[in-house]
Number of protein chains: 2
Amino acid sequence: MSDQTTLTDAVHTLLKRAIIEQALKPGMRLPEDTVGEQFGVSRTIVRHALVRLQNEGLVDTRRNRGAFVAEPSLEEAKQIFEVRRALEAEVIRLLVERMPSSGFDQLESHVRSEQGVKGKDGPVSIRLAGEFHTLLAELTGNAVLSRYVSEVVLRCSLIMAMYAKTHSSECAVDEHSQVIEAIRARDVARATAIMNHHLGAVAGRAELENKPDSVSSILSRYGKELAS
Amino acid sequence: MSDQTTLTDAVHTLLKRAIIEQALKPGMRLPEDTVGEQFGVSRTIVRHALVRLQNEGLVDTRRNRGAFVAEPSLEEAKQIFEVRRALEAEVIRLLVERMPSSGFDQLESHVRSEQGVKGKDGPVSIRLAGEFHTLLAELTGNAVLSRYVSEVVLRCSLIMAMYAKTHSSECAVDEHSQVIEAIRARDVARATAIMNHHLGAVAGRAELENKPDSVSSILSRYGKELAS
DNA sequence: GGCAAGCAAATTGTATCCAATTGACGCGAG
DNA sequence: CTCGCGTCAATTGGATACAATTTGCTTGCC
């Protein structure tokens, strides 16, 4: 997968990183030829990359209008967090049951990386916070689960980019350590509780900000009057 | 989504149906221009559809080699069932909590459809059995969850196509009814237990059939002798 | 008879080209 | 002054053409 280095993969990866690091902000347009000439490839490539990003829920495309960085509505955000909670609970259950031998080392090493950028709210911090969860999922050895977790984590990054003022990474790192410890102690209930609290805090921080809901979701409540 | 009727969507849908109904069997090649001229569209469209199918795990593509209907290994199959169990457990939890008003009617109506084709092991039976689970997921109102369930259900259909002699739909229909009843009674534990048993039976049936494993996975056990 | 090198066919990877749809601007009527 | 309509630029949707890579087969050599 990684060495299957077609141009489409490269563009896809770059765009993905640009989106989750908030270089490309939600709602921003992504014209195919602009992106294409930026990377020095043709529209065909960009198009394929955009199709994949759309499947991952990171961009929305509207027919004959173009692609935009996705703007998840609050409703969508809730759904994503709901799924994420369920998936990560499964991850924890599996890890308590069968954490690979080098697993804890990798996790602790990652947490140290996170602590290394503690305080800075830059893009690196955001990416690392997400990658902790992705790493956790990969350690289950279940590629399907890992892919899904990766997707929802990325979309959550996008949500935080929209609805949270700051990523507040300091509490996250602590909770990451606590999760590791609970898993090491084979305490499913505690690990799940911490994880739920962790995600709940993140989700709550997002929802408390009274950012305007997406336009389409607002108008959908008024559209019925014109439906006849 | 449905009225965004681009050609890519159409081809994607058709190929998907052809695969899960086993008209296209696992391992079968899907050359872009063959498929293209079959549907009367250009390779561009087919390629987009194939990219999407690959993301859904229904086809494998190898660089400069082409696309093949996926042949999930037993390992992959186990992973998919693992994720499916977790996702469907979440579906049940959510439905017990917030089943929409017309939900039970839709479910019972669907089960009646399934009973209508009872006994026939044709493609229709396979599709309906899967759609029950998809419908269940859609009733949660969570589009993300619904999409993931839909994906794993489809991949499970593919797995059954490879590893199970018959789809044995008669027990499935019964268990579907039992799940509905348990949800109606708001009994999460029972509903989950039935669902796990249901999926376990399906998975077990797949593994007990000693169908040949995928070629690469078989040969990997013999390759060592020639490896030097 | 088996094996390696090389050639030819098939298939994908990428770029370019034409057509169709959309949004915006400007003009004129009320 | 505002609203509706027509034209036009911009952008995507789709098809075709060319290049690169792989595969299988043929051929010649050992």
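Higher on the page you've got the structure.
Residues numbered from 1 in each chain as written. Chains lettered and ligands numbered in written order. Predicted model: local features only at pLDDT ≥ 70, side-chain atom pairs only at ≥ 80, totals over all residues. Heavy atoms only, no water.

1. Some remarks on the environment of A:Ala191
Residue and element names in this part refer to chain A.
Part 1: Tracing the backbone shows Ala191 in helix α9 (residues 188–208).
Part 2: A sequence separation of 98 residues divides Ala191 from Arg93, and the C-alpha atoms of the two residues are 8.9 Å apart.
Part 3: With residues up to four places along the chain from it excluded, the contact list for Ala191 reads Ile92, Val179, Ala182 and Ile183. (Helix = DSSP H or I, 4+ residues; strand = E, 2+ residues; numbered from the N terminus. Contact = heavy atoms within 4.5 Å.)

2. Examining the interface of chain B and chain A
Part 1: Listed by partner, the interface residues are 30 residues for chain B and 30 residues for chain A.
Part 2: Regarding the contact of chain B and chain A, the summed buried area is about 2,600 Å², with carbon and sulfur atoms giving 51% of it.
Part 3: Taken together, the links from chain B to chain A amount to four salt bridges.
Part 4: The closest approach of N and O atoms between A:Glu151 and B:Arg147, which form a salt bridge, is 3.3 Å.
Part 5: Taken together, the links from chain B to chain A amount to 17 residue pairs in polar contact (both at pLDDT 80 or more).
Part 6: Those elements giving two or more residues to the side of chain B that touches chain A turn out to be α3 (43–55), β1 (59–62), α4 (74–98) and α7 (143–163) of chain B. (Buried area = accessible area lost by both parts, 1.4 Å probe. Salt bridge = Lys/Arg side-chain N within 4 Å of Asp/Glu carboxyl O. Polar contact = N/O pair within 3.5 Å; in protein donor to acceptor, adjacent residues only side chain to side chain.)

3. Some remarks on the pairing of strand β1 (residues 59–62) of chain A
All names here are of chain A.
Part 1: Across four bridges, the pairing between β1 and strand β2 (residues 66–69) is antiparallel. Residue pairing across strands places Asp60 opposite Phe68, the latter belonging to β2.
Part 2: In sequence, β1 turns back onto β2 through a hairpin of three residues, with Asn64 there showing a positive phi of about 60°. (Pairing = 2+ DSSP bridges.)

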